[in-house]
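So the chains spell out like this:
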Amino acid sequence: MSSFGGRMREYPWLSLDRFDRENLRARAYFLSHCHKDHMKGLRAPSLKRRLECSLKVHLYCSPVTKELLLTSPKYKFWENRIVALEVETPTQISLLDEASGEKEDIVVTLLPAGHCPGSVMFLFQGPNGTVLYTGDFRLAKGEAARMELLHSGTRVKDIQSVYLDTTFCDPRFYQIPSREECLNGILELVRSWITLSRYHVVWLNCKAAYGYEYLFTNLSEELGVKVHVNKLDMFNNMPEILYHVTTDRHTQIHACRHPRDDDYLRGNRLPCGMTSRNGTPLRIISVKPSTMWFGERTRKTNIIVRTGESSYRACFSFHSSYSEIKDFLGYIRPVNVYPNVVPMGSTADEVVKIHFLLKNQIKSPQGLELLPSLYKIPVFPTITSVSIPAPLSKCRGQKSFAVLAQKASVRGEGARVRNLISVTETLLQRKMFLLSSIEFLLSLA
DNA sequence: GCGATCAGCT
DNA sequence: CACAGCTGATCGC
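What you are looking at is a predicted structure, and each value in this text was computed from that prediction instead of being measured.

**Q** Can you walk me through the packing of helix H3 (residues 179–194) against helix H4 (residues 213–223) in this structure?
**A** Helix packing for two helices is described by the angle between their axes and how far apart those axes are. Taken N-terminus to C-terminus, the directions of H3 and H4 make an angle of 50°; their axes are 10 Å apart at the nearest point. As summarised for this structure, H3 and H4 are arranged oblique, according to the angle between their axes. The way H3 lies across H4 gives a crossing that is right-handed. From H3, Arg 179, Leu 183, Ile 186, Leu 187, Val 190, Arg 191 and Ile 194 reach across to H4, where they touch Tyr 214, Leu 215, Asn 218, Leu 219, Glu 222 and Leu 223. Considered class by class, the residues forming the contact of H3 with H4 number 9 nonpolar, 1 polar and 3 charged.

So this is what it looks like as structure tokens:
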């Protein structure tokens, strides 16, 4: 989940992937991809009002993101204010300060991010230096080196700061099987099942989000069987996807959903209600795409895991692994790195993660100083088995209000975080409370 | 009635 | 593990 506040230090009058609070005063908006956690405030009345008053404010995104966004009637009011920028095409944007009348030009380039259809990273070049906002991304090792627009001539551009997707930026997620490996694993599983008979069908248990489309198109392409989905009008202008999905339930591959799809499956029905063909019951297996990862030295085991008589989990990831992030940063070598994702209120662990990256991959460790104060809590060389005092964990009886991990241990430099101090965002928002409890924990170390 | 937030679920 | 998102309850306007 993105916890990026919306603004970059170098160009604070631009807002990216956040549209509430301070961002209501931005001179221009950017949307990296069409996932809800990157669209906070995008349809709020306050922003709608701002738009009505400030006619020069626009939202910049890729053509595919524009298409996906405008499919929902709730975002139709943006229609005339969205500027779709072609990917990998540097574009100059003039930003006008409505108060002072001062104007500033900046060049933005969209780079493919490999996260979901239309997803991009934004590269900004302007008077305050070159910065890269990655949005969410999955790029394989070596892909940064192949991006022409990250280079000037033969060498990589000087990048001041990278605002980084840190979802799996932890040595624990050292490797995640490649897109191709995962795809092939799923392909062969699906193939082996649906070729048994025309009554053998596969249900892909996908989350409600864009990002599985390349799975659908590849399965359909390879097997000649279209994928049943609930809705496809968002792909009306994307023939390369549209061709491979269908609303006809008479197909052997389904990715349809229902709020109680579990009940449906137990009754040997698909979430769309299909239960038989010509009176012959269906033989259904479910395949749940989910992230699987392996440590630096651990042997990669199977990409497909059988979890029940007719259920499987299959490896699939929308985000880069630790080693992919390391490769990316090691190639770019920015001066600063800022995390876009601070998982579940973790504080110490984020410091540690970024610390490792800073140490190895970037030019000077200024990044940490610029992070919000929470990240500046010093990481002590040794923290051992710290228990959370009872009054904190019992706070109003709410689980999410308690400190979740009961112990924290950080061994010396170069060591891995074992058990993290993990608190929820609820706690993060109660800053004073959190700071005092973290300080308390550290004082015990 | 709507948005924001949260618990719970998947 | 962590992801992205939905539903339903509650609260305030």
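Let us keep going from here.
**Q** How should I be thinking about the protein's contact with DNA strand C in this particular structure?
**A** Around DNA strand C, the surrounding shell holds 15 residues, and the nearest of these are Lys 36, Lys 207, Ala 208, Trp 293 and His 319. A share of 64% is what sugar and phosphate atoms reach among the atoms of DNA strand C within 4 Å of the protein. A distance of 3.2 Å separates a base nitrogen of DNA strand C from a polar atom in the side chain of Arg 313. For the surface near DNA strand C, the per-class residue count stands at 5 nonpolar, 4 polar and 6 charged.

**Q** Can you help me understand the sheet that holds strand S4 (residues 82–84) in this one?
**A** Here 4 strands make up an open sheet; going across it, the order is S1-S2-S3-S4 and the pairing parallel. The open sheet has two edge strands with one neighbour each: strand S1 (14–16) and S4. If you compare each strand with its neighbour and ignore which way they point, the axes differ by 25° on average. Helix-sheet contacts for helix H2 (residues 63–71) involve strand S3 (59–61) and S4, and the interaxial angle to S4 is about 140°.

**Q** Got a minute to help me understand the domain arrangement of chain A in this structure?
**A** When the parts come together, some accessible area is lost, and that loss is often what is quoted as the size of the interface. Examined at the domain level, chain A breaks down into domain 1 (14–173 + 319–374), domain 2 (179–315) and domain 3 (390–444). The C-alpha centroid of domain 2 is placed 32 Å from the C-alpha centroid of domain 1. With 14 residues of domain 1 at the contact, the number on the domain 2 side is 14 residues. Both sides of the domain 1 and domain 2 interface together cover about 1200 Å² of buried area, and 62% of this is carbon and sulfur. The interface formed by domain 1 and domain 2 contains 0 salt bridges. At the surface where domain 1 touches domain 2, the tally comes to 4 residue pairs in polar contact (both at pLDDT 80 or more). Grouping the constituent residues of the side of domain 1 that touches domain 2 by class yields 7 nonpolar, 4 polar and 3 charged.

**Q** Teacher, can you tell me more about the packing of aromatic side chains here?
**A** When we look at a pair of aromatic rings, we describe it by the centre distance and by the angle of the planes. Following the criterion strictly, the structure yields 21 aromatic pairs and no others. The interplanar angle of 80° and the centroid separation of 6.4 Å between the aromatic rings of Tyr 29 and Trp 78 together place this pair among those described as edge-to-face. Of the two residues, Tyr 29 is situated in strand S2 (residues 28–30) and Trp 78 in the loop between H2 and S4; the sequence distance between them amounts to 49 residues. Both residues of the pair, Tyr 29 and Trp 78, belong to the buried class. When the ring of Tyr 210 is compared with that of Phe 235, the centres are 6.3 Å apart and the planes differ by 70°; the resulting orientation is edge-to-face. Taken as a pair, Tyr 210 in the loop between strand S12 (200–204) and H4 and Phe 235 in the loop between strand S13 (227–228) and helix H5 (239–242) lie far apart in primary sequence, 25 residues in all.

**Q** Before we go on, may I ask you to explain the environment of Tyr 210 in this structure?
**A** Under the relative-accessibility criterion, Tyr 210 is labelled buried at 15%. A sequence separation of 95 residues divides Tyr 210 from His 115, and the C-alpha atoms of the two residues are 8.8 Å apart. In this structure Tyr 210 touches Cys 34, His 35, Leu 68, Cys 116, Pro 117, Met 234, Phe 235 and Phe 318, once residues within four positions along its chain are discounted.

**Q** Even after reading the chapter, I still don't get unusual backbone geometry, so can you show me in this structure?
**A** Apart from glycine, the bulk of residues carry a negative phi angle, and the bulk of peptide bonds sit in the trans form. One non-glycine residue, Glu 88, lies in positive phi territory at about 60°. You can see Glu 88 is positioned in the loop between S4 and strand S5 (91–96). Here the phi dihedral of Arg 333 falls at roughly 45°; this positive angle occurs in a residue that is not glycine. Positionally, Arg 333 belongs in the loop between helix H7 (322–332) and strand S21 (336–339).

**Q** Please explain the environment of Val 162 as it appears in this structure.
**A** With respect to the helices and strands, Val 162 occurs in strand S11 (residues 161–164). What Val 162 contacts, discounting residues up to four positions off in sequence, is Leu 132, Thr 134, Leu 329, Ile 332, Pro 334, Asn 336, Val 337 and Tyr 338.

**Q** Help me understand the pattern of salt bridges in this model?
**A** For side chains of opposite charge, pairing can occur when their charged atoms come near one another. All chains considered together, the criterion is met by 12 salt bridges. The salt bridge involving Lys 231 is made with Asp 233; its shortest N-O contact spans 3.1 Å. A relative accessible area of 45% means that Lys 231 is categorised as partly exposed. Judged by its relative accessible area of 33%, Asp 233 is partly exposed. Sharing partners across several salt bridges, the network here consists of Arg 260, Asp 262, Asp 263 and Arg 266.

**Q** Can you help me understand the sheet that holds strand S14 (residues 245–246) in this one?
**A** Strand-to-strand pairing in sheets goes through backbone hydrogen bonds, with the strands running parallel or antiparallel. Strands sit in the order S14-S13-S15-S12-S18-S20-S19 across an open sheet of 7 strands; the sheet is mixed. Looking at strand neighbours, the two that pair on one side only are S14 and strand S19 (304–308), the edges of this open sheet. Direction of pairing for S19 relative to strand S20 (residues 311–315): antiparallel, over a ladder of 4 bridges. Paired with Arg 306 across the bridge in S20 is Tyr 312. Its contacts with the sheet put H3 on S12, strand S15 (253–254), strand S18 (283–290), S19 and S20, and the angle it makes with S12 is roughly 150°. Against the sheet, H4 touches S12, S13, S14 and S15, its axis set at about 160° to S12.

Cut-offs and rules
Residues numbered from 1 in each chain as written. Chains lettered and ligands numbered in written order. Predicted model: local features only at pLDDT ≥ 70, side-chain atom pairs only at ≥ 80, totals over all residues. Heavy atoms only, no water. Axes fitted to C-alpha atoms, helices over the stretch in contact; angles between N-to-C directions. Helix = DSSP H or I, 4+ residues; strand = E, 2+ residues; numbered from the N terminus. Parallel < 35°, antiparallel > 145°, perpendicular 65-115°, else oblique. Left-handed = near helix turned anticlockwise from the far one by under 90°. Contact = heavy atoms within 4.5 Å. Nonpolar A, V, L, I, M, F, W, Y, C, P; charged D, E, K, R; others polar. Near = heavy atom within 4 Å. Polar contact = N/O pair within 3.5 Å; in protein donor to acceptor, adjacent residues only side chain to side chain. Pairing = 2+ DSSP bridges. Domains from an automatic or database assignment. Buried area = accessible area lost by both parts, 1.4 Å probe. Salt bridge = Lys/Arg side-chain N within 4 Å of Asp/Glu carboxyl O. Phe/Tyr/Trp six-rings, centres within 6.5 Å; stacked < 30°, edge-to-face > 60°. Buried < 20%, exposed > 50% of the residue type's maximum accessible area, 1.4 Å probe, protein only.

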